[in-house]
Amino acid sequence: MIQIAKLYYSDPWLQELRTKILSQKQEKGHSFVVLEETIFYPTGGGQPHDGGLINGVPILDVFEQDDVVVHVLEQPLQGDDAFCQLDWARRLDHMQQHSGQHLLSAVFHDEYGYRTESFHLGEEYCSIDISASSLSTKEQIAVEDRANHVIFSNLPVLTYTRHPDEYSKVPLRKVPDIAGDLRIVEIQGLDYSPCSGTHVTATSQIGLLKISKWEKYKGMVRVYFLCGNRALRDYARKQTICGSLGSLLSVPETELYDRLTQEIERRQELERRVAELKSELAAHQAKSIVATSQSPFYVEAPQATVEEAQQLARSIMDLATGVVIVSAGERVILAHNLQDKLHLGQLIKGKAHPLGGRGGGSANGAQVYFTDPSAQKEFLRLLNEELGQR
Ligand SMILES: [Zn+2]
């Protein structure tokens, strides 16, 4: 079996490499390349693969098969030499999030006994699922404080392999169910985790750790977190939002919450007042309609919402007995308070549906919607015929 040096383990900060091409094959329009040694991490252990270039050709995927690292490229490579350039921003991001996860899991376990059941490292977010039923603000702050204290203490992050006979000498956070030697990642003296990913070499390289939110998930708690540059970018984004809101409302950031609460209360008060005025207006309109016409009462209110049209119909029926037809733009709202068997929902089915109108309703209230104005006009004509002088 070929032995390929996995330099992403021995030197995770190595960003360029000159090496030899061992083999290359074409399949489904892509080139599958094996190198003598590699700096590109293959997908595994919950961590996505590295990106970068080999001889200027972009890497699409990196995977491991029978201990051999395979690089998938857009096009074939020429010659025997390979010049590898790692997408360092992507790798550093993975190392920061992944190492931050070890730290976060260790602190949750150490402080509260919560075990980490699963871990997600993605482009969009990173999260761990912990064995807790909920998470208090106090716990969240305590965990963040402790994790960041460890980051600022610049503890070494060590990696080494141990034979199963030696596991008992290492206080592993979780013993995996696999045979053979185990690669262990140790945050010196704090955490010992079996892991095959890439990690920083000292905690300070994680930069910063922030829990962004948590939620209940399948009887556990899912904790979302950000580390390093992701946390910095998130901070910048939030700074922009807070800054823009502060300028908009002309208040310092510390007063944003109180000011927005006041604005929301003011809006609710205005909405209440508008509703009162609409109701008064509808009563006033109804009075004038009833005084100057008779059932069926026909009202043209092109700007009215369905709710306003219904309110107007109710106001008319408070003052008179009969049928009300409100034409509100593309909609027609119907209502009646007669004692006879007039069923408006049935009427719409029989008269409006054949014309392409959509809608329906009950015996006493219904509405129908027309996209074609001439169809609505025809419906209103039929309605007039049908209702006569009711
Ligand atoms: Zn790891």
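To start, this report covers the structure provided alongside it. (Residues numbered from 1 in each chain as written. Predicted model: local features only at pLDDT ≥ 70, side-chain atom pairs only at ≥ 80, totals over all residues.)

**Describing the overall build of the protein**
Along its length, the protein carries eight helices and 20 strands. Here the protein has a C-alpha radius of gyration of 35 Å; the compact-globule value for 390 residues is 21 Å, and the former is much larger. In terms of overall dimensions, the protein has C-alpha extents of about 95 × 55 × 45 Å along its principal axes. Here the protein, with 390 residues, has 29% of them falling under the buried criterion. (Helix = DSSP H or I, 4+ residues; strand = E, 2+ residues; numbered from the N terminus. Rg over C-alpha atoms; globule rule 2.2 N^0.38 Å. Buried ≥ 20, exposed ≤ 12 C-beta atoms within 10 Å, placed from the backbone.)

**A closer look at unusual backbone geometry**
The omega angle of the peptide bond from Ser-295 to Pro-296 is -5°, so this bond is cis rather than trans. Examined against the element boundaries, Pro-296 turns out to sit in the loop between α5 (256-292) and β16 (297-300). A positive phi angle, close to 50°, is found at Asn-55, a residue other than glycine. Structurally, Asn-55 can be placed in the loop between β5 (52-54) and β6 (57-65). Judged by the 16 C-beta atoms lying within 10 Å of it, Asn-55 falls in the partly exposed class. Despite not being glycine, Asn-154 has its phi angle at roughly 55°, a positive value. Structurally, Asn-154 is set in the loop between α3 (137-152) and β11 (157-162).

**Some points on the packing of helix α2 (residues 88-112) against helix α4 (residues 228-249)**
In contact at an axis separation of 7 Å, α2 and α4 are set at 95° when each is read in the N-to-C sense. Here α2 is positioned roughly perpendicular relative to α4, judged by the angle of their axes. Along its contact with α2, which presents Asp-93, Gln-96 and Gln-97, the element α4 presents Gly-228, Asn-229 and Arg-230. When its residues are assigned to classes, the contact of α2 with α4 shows no nonpolar, four polar and two charged. (Axes fitted to C-alpha atoms, helices over the stretch in contact; angles between N-to-C directions. Parallel < 35°, antiparallel > 145°, perpendicular 65-115°, else oblique. Contact = placed C-beta atoms within 7 Å. Nonpolar A, V, L, I, M, F, W, Y, C, P; charged D, E, K, R; others polar.)

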